[in-house]
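What follows is the residue order along each chain.
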Amino acid sequence: MAAESPVKCTLVVESQPSALNRPCRQILSALDARGFTQDDIFAVHLALEEAFLNAVKHGNKMDASKKVRIEYCVDAEKVEICITDEGEGFDPGTIPDPRVGENLYRPEGRGLLLISSYMHDVKYTEGGTCMRMVRYKGRPIGEPDKASVH
Amino acid sequence: MAAIQPRISVEYKDEATIVAFTDEKILEETDVRALREAVESVVEQAPGIHLVLDFRHVKFLSSAVLGLLIRISKRVYEHEGELRLCNIHPGIHEVFKITRLTSVFEIYEDVESATRSFSERR
C-alpha cells in the first residue's frame, strides 16, 4: 500500500555534484512509496539533477566553502523541491532559448529548459539563488497553464 | 568487441563503427568527460568514420550528455564522417524532442537501420 503521510526534509550539502546522491535517493524513494509513476520519477530525477548542477556550477561556482540547501516536501499529490545556492543569483529571462537558431548547436544551456518542461511549476526567488519547483503526481508534462517559468 | 574503461564498447559492422554507451545512467561531468575522451579517440583514429552511437543501455542522462553529443557530432563532421544515433529509450527520446535535438541528429530505431542508412545515402 502506498504511503500517504507527507514527508518533509531540509538538507545542506557540499558544492560538488556527488553530494546530490543521498538526497536524490531519498526524494525518489519518497515518490515511489507514494505511488508516483515512473514518468514522474524520471521527470523529478532529471529536474533535480539539472537544478542541483546549476546551483553547484553556476551558482556557487564549485566553491568548496559554499553550500547548497535542498528542501523537499512529498505528499500524496505532489512533490515540491527548493534548491538554494550561495551565489550571486541570475535572471532566468536572460538565458537564451537553446532551441532557436545557432543555440541548437551549442553544447550548453539546456538544463533550465528541461526543468521547466518536466516540472509543472517553476519559480525563482531570492534574486535567482533559490529555485522552487513542483510536479503533480500522474499529470502529463506540457499542459500549457502549468508548464511555465515564472 | 572491445570494452574501453567500461564506459563504451566498440564493434565494427560492415563499414560502420558501433559505439555503445554501457552505463545505465550518465550524469556527472567526470562521466561525461570520460565518454568524450573515449569516443573522440575512436573518431580521431578513423577519418571519414560512419559512427553509430547505440543508447540501448542508457535509461537516464543529463543535459551535459546532450552537450557531449553536440561536441562529438562536430568532431565527426570535422573528420568528414557521419553520425547516427539509435536504440534511444522512449523517456530519453522525449528529452531529445523537448530540446529539438531530433532536428540535429539522425535517430534510428536500431543498429541495423542506422548502419543500413549509410549505404542507402550513397
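All residue numbers refer to positions counted from 1 along the written sequence of the respective chain. Here every chain gets a letter starting at A, and every ligand a number starting at 1, in the order they are written. Confidence filtering applies because this is a predicted model: local features only for residues at pLDDT of at least 70, side-chain atom pairs given and counted only at 80 or more, and all residues used for totals across whole chains, interfaces and linings. With hydrogens and water set aside, each side-chain value is computed from the structure's full complement of heavy atoms.

Draft legend 1. Expanded view of the overall build of chain A. Within chain A, the regular secondary structure consists of three helices and six strands. Under the DSSP-based scheme used, a helix requires at least four consecutive residues in state H or I and a strand at least two consecutive residues in state E, with every element numbered from the N terminus. Going residue by residue from the N terminus, the α and β elements of chain A occur as β-α-α-β-β-α-β-β-β. Here the globule rule is a power law, 2.2 Å times the number of residues to the power 0.38, and the radius of gyration is based on C-alpha atoms. Here the C-alpha radius of gyration of chain A, 15 Å, is about what a compact globule of 150 residues would show, namely 15 Å. Dimensions of chain A along its principal axes, counting C-alpha atoms only, are 50 × 40 × 25 Å. The rule is simple: take the accessible area with a 1.4 Å probe, protein chains only, and divide by the maximum for that residue type; under 20% is buried, over 50% is exposed, in between is partly exposed. Across the 150 residues of chain A, 45% fall into the buried class. Working rule for contacts: check all heavy atoms of both residues, and any pair within 4.5 Å makes them a contact. The contacts in chain A between residues at least 6 apart in sequence include a share of 66% that link residues at least 24 apart. For chain A, the computed accessible surface area is about 7400 Å², with 51% contributed by carbon and sulfur atoms. For chain A, the separation between the mean place of its 19 positive charges and that of its 23 negative charges on side chains is 2 Å. Note on areas: these come from Shrake-Rupley sampling with a 1.4 Å probe, and a residue is covered only by the protein chains present in the view. Only four residue types enter the charge count: Lys and Arg as positive, Asp and Glu as negative, with His and the chain ends excluded. For charged residues, the charge sits on one atom: NZ in Lys, CZ in Arg, CG in Asp, CD in Glu.

Draft legend 2. Quick peek at the confidence of the model for chain A. On average, chain A scores 91 in pLDDT, and the residues at 70 or more come to 92%. The predictor's confidence in any single residue is recorded as pLDDT, a number from 0 to 100. Overall, residues 143-150 of chain A carries pLDDT values under 50, and its contacts beyond four positions in sequence, including any with other chains, amount to 16 contacts.

Draft legend 3. Local environment of unusual backbone geometry. We note that K61 of chain A has phi near 50 degrees; this positive angle belongs to a residue other than glycine. With a phi angle near 55 degrees, N87 of chain B is a residue other than glycine that sits in the positive phi range. By the secondary structure assignment, N87 of chain B is in the loop between β7 (82-86) and α3 (90-98).

Draft legend 4. Highlighting the pairing of strand β2 (residues 67-74) of chain A. All names here are of chain A. The two faces of β2 differ: V68, I70, Y72 and V74 on one face are buried, but K67, R69, E71 and C73 on the other face are not. In the sheet, strand β1 (residues 7-14) pairs with β2 via eight bridges, with the strands oriented antiparallel. Each residue of the ladder has a partner; that of V7, found in β2, is V74. One ladder, built from six bridges, connects β2 with strand β3 (residues 78-84); its direction is antiparallel. What sits directly across from R69, in β3, is T84. Whether two strands pair depends on DSSP finding at least two bridges between them.

Draft legend 5. Expanded view of the pairing of β3 of chain A. All names here are of chain A. Most of β3 sits out of view: five of its seven residues are buried. Two elements, β3 and strand β5 (residues 130-136), share seven bridges in a ladder whose sense is antiparallel. Residue pairing across strands places I83 opposite M131, the latter belonging to β5.

Draft legend 6. Examining the environment of L68 of chain B more closely. All names here are of chain B. Turning to its location among the elements, L68 is positioned in helix α2 (residues 63-78). With a relative accessible area of 2%, L68 lands in the buried category. Sequence separation of L68 and L85 is 17 residues, and the distance between their C-alpha atoms is 13 Å. Once residues lying within four places of it in the same chain are set aside, the contact partners of L68 are V32, L35 and R36.

Draft legend 7. Representation of the packing of helix α2 (residues 38-59) of chain A against helix α3 (residues 111-118) of chain A within the structure. All names here are of chain A. Between α2 and α3, the least distance of the axes is 9 Å, while the angle of their chain directions is 145 degrees. Where α2 crosses over α3, the handedness of that crossing is left-handed. Residues F42, A43, L46, A47, E50, A51 and N54 of α2 touch α3, and the partners they reach there are G111, L112, L114, I115 and Y118. In the contact of α2 with α3, the residues fall into nine nonpolar, two polar and one charged. To obtain an axis, a line is fitted to C-alpha atoms, over the contacting stretch when the element is a helix, and the angle between two such axes runs from 0 to 180 degrees between their N-to-C directions. Should the near helix be turned counterclockwise from the far one by less than a right angle, the crossing is left-handed, whereas a clockwise turn marks it as right-handed. Note on residue classes: Ala, Val, Leu, Ile, Met, Phe, Trp, Tyr, Cys and Pro are nonpolar, Asp, Glu, Lys and Arg are charged, and everything else, Gly too, is polar.

Draft legend 8. View of the pattern of salt bridges. Residue and element names in this part refer to chain B. Throughout this description, the term salt bridge denotes a Lys or Arg side-chain nitrogen within 4 Å of a carboxyl oxygen of Asp or Glu. Applying the stated criterion across every chain yields a total of 22 salt bridges over all chains. For R7, the salt bridge goes to D31, with nearest N and O atoms at 3.2 Å. In this pair, R7 is assigned in the loop between β1 (2-4) and β2 (8-13) and D31 in helix α1 (residues 29-44), connecting sequence segments 24 residues apart. Through salt bridges with shared partners, a single network forms among R36, E40, E44, R75 and E78.

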